[in-house]
Structure formats: C-alpha cells, structure tokens
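Descriptive analysis of the structure
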Amino acid sequence: MNSARSWLVWGVAALAYIAAVLHRSSLGVAGPAASERFEVAATELSTLGAVQVGVYAAMQIPVGVLLDRLGPRVLIASGAAVMAGGQLLVAIAEDMPLAILGRVLVGIGDAATFISVIRLQSGWFRGPILAQMSQYTAISGQVGQLLSAVPFVWLLSAAGWTLSFGTLAAVGGVAFVLVLLIVFDAPPGGAPPTGSIDVPEGWLPRLRSAFRTPGTRLGFWTHFSLLGSTNLFLLLWGFPMLVEGLDYSQAQAAGLMSIVVVTGMVVGPIVGITTARFPLRRSTLVLALVALVVAAWAAVLAWPTQPPTWLVVLLLVVLGAAGPGSTVGFDFARTSNPLRVLGSANGIVNVGGFIATFAAMPAVGIILDLVHSARVAGGEAVGLYDWEGFRVALSFQFVLLALGFLMVVRMRRITRSRLREEEGIEVGPLWAAIARRMRRRPD
Ligand SMILES: NCCCC[C@H](N)C(=O)NCC(=O)O
C-alpha cells in the first residue's frame, strides 16, 4: 500500500483517464473541420457532442455495477479499447451515422474510466492520501483537456481529419496495452478488507445498498450542486455568453475559459489536503463552494450593465474551484461504503453532476429563445444571444443550485445522525469547533 508500485499503477490508470478526456474533448475542438467533412450545420454537429455526453451519463450505473463485479483493471482496459475503436470509426467516417456510432463508443468507454480509476485508488492506497488521490485523478483529466486544445488542434490542421483521429485511436490502443501490462486491482495479497460490514449478494441488492447509504446520496448531491454550473459553462454556453453576450473576441474567450481549467488544477490539491485533514468538515466546504457559485453568478447576472472583466474573471475562478469541490462527492461515497459496493456508489455519485448539466443545457437554450421571441414581438430588434437574454436564461441555474444546496444540507443531517448512532461521533457546529481549538492553543 502507498508504495512506488501503487504510484506506478495509479499513474498508468491516470494516463488512461487522460486519454479518455482527450477522446472526449477532441470533437469539441474539431467543430469547423467536422462541419466541412460531414457537410452539416452547427446544430446537427452539437447532437454529436450531446449523444456522447448522454451515453456517458446513462452508462454510469451499469458501469458502476460492472465495476463491483469485474474490478477496475478490466473496466479501464475495456474502456480504452472501446474508445480506440470509436475513434477509429470517427477517423474513417465520411458521413454522420458512422461518426455518431464512433462517438457513442467513445461515450461508453469514457463512462467506464473515471469511476474505475477512483475505485482503483482504494485498492492501492491507505490513509489520508486517499482523500487527495481523487483530486489528482481529476487534475490529470485536465491535462487531457489541454492536450486536445493545443497539440491535437495543431495535428488536425497539419495532418487532416483521418490521420489525427487515427492518432487518437492509436493513443487509445497504447493506453489499452499499458493498462493490461501494469494495472492490477490490488497488490498481491488482495484488496484491503471491508471490515465486518455485510455486503449483499447480487448486483441489484448491492446497488440498492449503495443508494440507501446516506453518504452516497450526500456525494450525489455534492456532484449535482458543484459540477452542473461548471459543465454548463465549459461544455456549451460559456463561449456564446462571452463572445456574443459580452462581446469578447474568440481568442479572448478561449483565454478566459482556460482560467476555469487552470483554477481547477490549482485548487484540486488544496481541496484534497483540506478534506483529508478535516474529514468531518467536508460538507461545510461543499456548502461554502455552492454559496460562492451562487454569489458569483448573482453578481455577474445582476450587474446593471455588462459586467466588468474583473468580475467575469472572478466568476471563472469560482467555477474552476467548483470542479474539485464536486470531486469531494466521491470521497463521501468512499468513506461510507464498503469496498465491494464502491463501484456502484461512485456510479451513483457521478450521475449527479451530469443530471444537473442535462437539465440546465436545454433549459438555458429554451429560455433564450422565449426571451428573444417576446422581445421581437414587443418591437425590439435584438439578436438571439444578447446579454439581456443570457441574464434571464442563465438565472435558471439558481433553481438547480438552490435544490442542490438544500439537498446537501438534508443529506448531511442524515449522514451525521447515522454517524452519531453507529459510531458515537458527534459533529458540532463549525464555530464551536473553532472556539474549542482557539481555547486549546497556548498564549
Ligand atoms: N472540469 C471539472 C472537472 C471535475 C471532475 C469531476 N469531479 C468529475 O466528476 N469528472 C468525471 C469525469 O469523467 O471526468
């Protein structure tokens, strides 16, 4: 445990996750080339991305269940192979149906990767470092995002569609081989024991047991509350909001959006160390981050004119910090479930953020349309994507953020009362803990 070999195994699994995120984000940066190759408009093209994210979300529970049966090694390796196959289809596709099939395969393989790497960590690491490992895994994914934004974009322009997507397929193939050679579920001698906790037999009872555990649902609502806004911004509405709503150039908008990614990479380890040091205060950190997201959006959307750049940057920093905050959801699942149901529990947590994203993505589009139609009917000559429209449409997020906040408060009450009954641990208010600590400190 926690040995050089643990780091090597995790490192190769993290490489597979980097490759997964590279596959995931490769289409987003290839928009114009894809429009040209398949002769489709932007709207049809966006269905390719939506299909992939939809498949990813729909596969979380089945993948979680399979993870508990087959273990992370099989799931990470199969994920890499399926994604490589999918990218190969995209590389040779000359029409949309084959490209869609390719992206469906990418979505399926991608779905198997992140929660399997998170599950793998519990086989190889012990102690406080475990709380940090999920953050390091999530950060490695950001490397995949950067690889798609810079070298892949360059390769696409230099070598063309087939060769560049073919290269991604080869990257997936290399990841597959490396995982088979190096990644095993646990060190020789087996995984750490699950203690005296009874684990039900059969996938459905196990899934039910994971769902009934309050810590799993606390993780789900954490992920729901903190990933929705960041995903909504990064995956769909951020770019149009900055370019068409706030009149930034495309290059400025790209630079601004990278603030979200870089902040996530900086804040991740801080969140990991904090949650490892103060495990009983994780939910307070989550609630504080949700409150920050609400405050930042409220300030930007309520600004009397177009918000100044410093305020936009502040929003982007907060959205960047929310990403690592959402990863805390997996830590709640880890500390409240036995190892043999952790795959199912991680699957449940990971659905949270994607449900929020799915609810918000179309809702913002529909509200933008409604506001635009109403204003045009009232005699105004305005574009679909003007700032007034975005102000109203993006406010929809407050509904999801409020729901998420209230559910985190509720689930933390239930989790804490379970902790009191089963382990005799009383978690008092934060201010009382701080006051106690100050009294203990020598003058
Ligand atoms: N851009 C935000 C990254 C946060 C990572 C996140 N907690 C997560 O759940 N990722 C799932 C995945 O498959 O990448």
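Rules behind the numbers
Residues numbered from 1 in each chain as written. Predicted model: local features only at pLDDT ≥ 70, side-chain atom pairs only at ≥ 80, totals over all residues. Heavy atoms only, no water. Helix = DSSP H or I, 4+ residues; strand = E, 2+ residues; numbered from the N terminus. Rg over C-alpha atoms; globule rule 2.2 N^0.38 Å. Buried < 20%, exposed > 50% of the residue type's maximum accessible area, 1.4 Å probe, protein only. Contact = heavy atoms within 4.5 Å. Lys, Arg positive; Asp, Glu negative; His and termini not counted. Charge placed at Lys NZ, Arg CZ, Asp CG, Glu CD. Arc of directions from axis to C-beta. Near = heavy atom within 4 Å. Polar contact = N/O pair within 3.5 Å; in protein donor to acceptor, adjacent residues only side chain to side chain. Areas by Shrake-Rupley, 256 points an atom, 1.4 Å probe, with all protein chains shown as cover. Nonpolar A, V, L, I, M, F, W, Y, C, P; charged D, E, K, R; others polar. Axes fitted to C-alpha atoms, helices over the stretch in contact; angles between N-to-C directions. Parallel < 35°, antiparallel > 145°, perpendicular 65-115°, else oblique. Left-handed = near helix turned anticlockwise from the far one by under 90°. Salt bridge = Lys/Arg side-chain N within 4 Å of Asp/Glu carboxyl O. Phe/Tyr/Trp six-rings, centres within 6.5 Å; stacked < 30°, edge-to-face > 60°. Core = buried A, V, L, I, M, F, W, Y, C linked by side-chain atoms within 4.5 Å. pLDDT = per-residue confidence, 0-100.

1. Side note on the overall build of the protein chain
Summing up its helical and strand segments, the protein chain has 17 helices and 0 strands in all. Computed over C-alpha atoms, the radius of gyration of the protein chain comes to 22 Å, within 12% of the 22 Å expected from 2.2 N^0.38 for 443 residues, which places it in the range of a compact globule. Taken along the three principal axes of its C-alpha coordinates, the protein chain extends 65 × 50 × 45 Å. Out of the 443 residues in the protein chain, the part that is buried amounts to 50%. When contacts within the protein chain are restricted to residue pairs at least 6 apart in sequence, those whose partners lie at least 24 apart make up 82%. Counting 30 positive and 22 negative side-chain charges, the protein chain places the centres of these two groups 16 Å from one another.

2. Side note on helix α2 (residues 31-38)
The α-helix advances 3.6 residues per turn, and as a result positions three or four apart in sequence lie on the same side. Inspection of α2 places Gly-31, Ala-34 and Phe-38 among the buried residues, and these make up the whole buried set. Around the axis of α2, the buried residues are gathered within 65 degrees of arc, so they sit on the same side. Turned more than 90 degrees away from the buried face of α2 sit Pro-32 and Glu-36, all of them exposed. Positive backbone phi, at 55 degrees, marks Glu-39, one or two positions downstream of α2.

3. Digging into the site of the ligand
The ligand sits among 13 residues. The nearest are Tyr-17, Arg-24, Tyr-56, His-223 and Thr-327. Here an oxygen atom of the ligand and a side-chain polar atom of Tyr-17 are 2.4 Å apart. Arg-24 is positioned with one of its side-chain polar atoms (N or O) 2.8 Å from an oxygen atom of the ligand. When the ligand is considered free in solution it has 400 Å² of accessible area, and contact with the protein chains removes 90% of it. Those elements that provide at least two residues to the shell around the ligand are α1 (4-26), α10 (214-245) and α13 (309-336). The greatest single-element share of the shell around the ligand, amounting to 4 residues, is contributed by α13. Of the residues belonging to the shell around the ligand, the class tally is 6 nonpolar, 6 polar and 1 charged.

4. A few points about the packing of α1 against helix α8 (residues 161-182)
Packed helices, taken two at a time, are described by the angle between their axes plus the distance between the axes. Two elements in contact, α1 and α8, have axes whose closest approach is 10 Å; the angle formed by their N-to-C orientations is 160 degrees. In terms of axis orientation, α1 runs roughly antiparallel to α8. You can see that α1 and α8 cross each other, and the crossing is left-handed. In this structure, α1 uses Leu-8, Val-9, Val-12, Leu-15, Ala-16, Ala-19, Leu-22, His-23 and Ser-26 to contact α8, whose residues at the interface are Phe-165, Leu-168, Val-171, Gly-172, Ala-175, Leu-178, Val-179 and Ile-182.

5. Looking at the pattern of salt bridges
Scanning the entire structure with this criterion turns up 6 salt bridges. Across the salt bridge formed by Asp-331 and Arg-334, the nearest N and O atoms sit 2.8 Å from each other. Of this pair, Asp-331 and Arg-334 both sit in helix α13, 3 residues apart, which is roughly one turn of that helix. Using a relative accessible area of 4% as the deciding quantity, one classes Asp-331 as buried.

6. Brief notes about the packing of helix α5 (residues 72-92) against α8
Following both chains from N to C, one finds α5 and α8 inclined at 165 degrees, their axes separated by 8 Å at the closest point. Judged on the interaxial angle alone, α8 and α5 are roughly antiparallel. Pair α5 / α8 crosses with left-handed handedness. Contacts from Arg-73, Ile-76, Ala-77, Ala-80, Ala-81, Ala-84, Gln-87, Leu-88, Val-90 and Ala-91 of α5 reach α8 at Trp-161, Thr-162, Phe-165, Gly-166, Leu-168, Ala-169, Gly-172, Gly-173, Ala-175, Phe-176, Val-179 and Leu-180. Tallied by class, residues from the contact of α5 with α8 come to 16 nonpolar, 5 polar and 1 charged.

7. Re the packing of aromatic side chains
If you walk through the whole model with that rule in mind, you get 16 aromatic pairs. Relative to Trp-221, the ring of Phe-220 has its centre 5.1 Å away and its plane inclined at 85 degrees; by these criteria the two rings are edge-to-face. With 6.0 Å between their ring centres and 90 degrees between their planes, Trp-303 and Trp-310 make a pair best called edge-to-face. On the basis of relative accessible area, Trp-310 is assigned to the exposed category, the value being 54%. An aromatic cluster of three or more residues is present, and its members are Phe-38, Phe-152, Trp-161 and Phe-165.

8. What about the side chain of Arg-119?
Note that Arg-119 resides in helix α6 (residues 96-124). With no salt bridge to any partner, buried Arg-119 finds its closest opposite charge in Asp-68, at an N-O distance of 4.7 Å. When near neighbours in sequence (up to four residues on either side) are disregarded, Arg-119 contacts Leu-67, Pro-72, Leu-339, Leu-342, Gly-343 and Asn-346.

9. A short note on the nonpolar core
Grouped together as the largest cluster of nonpolar side chains are 99 residues, with contacts concentrated most on Phe-114, Phe-233, Met-241, Leu-242, Val-293, Trp-297 and Leu-394. Apart from the residues within four sequence positions on either side, Phe-233 is in contact with Gly-238, Phe-239, Met-241, Leu-242, Met-257, Val-260, Trp-297, Leu-316 and Leu-319. By size, the runner-up hydrophobic cluster in this structure holds 17 residues, among which are Leu-27, Ala-99, Phe-152 and Phe-165.

10. Side note on the side chain of Asn-337
When you line up the elements, Asn-337 lands in the loop between α13 and α14 (342-377). Separated by 3.5 Å, the side chains of Asn-337 and Thr-213 make a polar contact.

11. Considerations on the confidence of the model for the protein chain
Here the protein chain averages 90 in pLDDT, and 96% of its residues register 70 or above. For this predicted complex, the interface confidence score (ipTM) comes to 0.95, while the overall pTM stands at 0.90.

12. What about the environment of Gln-252?
Mapped onto the elements, Gln-252 comes out in helix α11 (residues 250-277). Taking the C-alpha atoms as reference points, Gln-252 and Leu-15, separated by 237 residues in sequence, lie 30 Å from one another. Among the polar contacts made by the side chain of Gln-252, one reaches the main-chain amide nitrogen of Ser-249 at a distance of 2.8 Å.

13. Focus on the environment of Pro-187
Positionally, Pro-187 belongs in the loop between α8 and α9 (203-212). In the structure, Pro-187 is positioned 175 residues away from Val-12 in sequence and 15 Å away in space, judged by C-alpha atoms. In this view, Pro-187 contacts Met-1, Gly-123 and Trp-124; residues no more than four positions away in its chain are not counted.

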